[in-house]
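# Tertiary structure, described
Each chain is listed here by its residues.
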Amino acid sequence: MPTPPKKLRKQYTNTDHPLVILRFEDGHEIQVAKGGGKSFDAYSGETIKVLAVYDRTSGERELVESKRADEFADA
C-alpha cells in the first residue's frame, strides 16, 4: 500500500497583481490581495495554479503560473 503524501505548511505573498487566487487540485481556492500574504496547507507534489484577477466584476482569471506545493516558501 503506498504511503500518503506529506502534508506541508507553505505561504504565498502577492506583490504584483491586484488579486491572486490560489487554486488547489481539490478545487478549493484562496484569495490573496496585492501586498498581502497567506499561509496554507498542501500536500507534497500537489499542483497549485496561481491565477490573477484584474477586474473583479468580469469573472475572468489569467493563469500566472502552475507550481508544485514543494516550490512555495515554507511558512
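Our subject is the structure that appears above.
Residues numbered from 1 in each chain as written. Predicted model: local features only at pLDDT ≥ 70, side-chain atom pairs only at ≥ 80, totals over all residues. Heavy atoms only, no water.

## Points about the overall build of the protein
From N to C terminus, the protein includes 0 helices and 7 strands. The N-to-C order of helical and strand elements in the protein reads β-β-β-β-β-β-β. Among the 75 residues that make up the protein, the fraction classed as buried is 31%. Expressed as a percentage of contacts within the protein between residues at least 6 apart in sequence, the contacts between residues at least 24 apart total 50%. Taken together, the 12 basic and 13 acidic charged side chains of the protein have centroids lying 4 Å from each other. (Helix = DSSP H or I, 4+ residues; strand = E, 2+ residues; numbered from the N terminus. Buried < 20%, exposed > 50% of the residue type's maximum accessible area, 1.4 Å probe, protein only. Contact = heavy atoms within 4.5 Å. Lys, Arg positive; Asp, Glu negative; His and termini not counted. Charge placed at Lys NZ, Arg CZ, Asp CG, Glu CD.)

## Things to note about the sheet that holds strand E1 (residues 7-13)
Taken in spatial order, the 3 strands of this open sheet run E4-E1-E7, and their pairing is antiparallel. A strand with exactly one partner marks an edge of an open sheet, and here the two such strands are strand E4 (37-43) and strand E7 (73-74). Of the strand pairs in this sheet, E1 and E4 are connected by 7 bridges, and their pairing is antiparallel. Note that in E4 the partner of Leu 8 across the bridge is Ala 42. (Pairing = 2+ DSSP bridges.)

These values are about where atoms sit, not about what they do.
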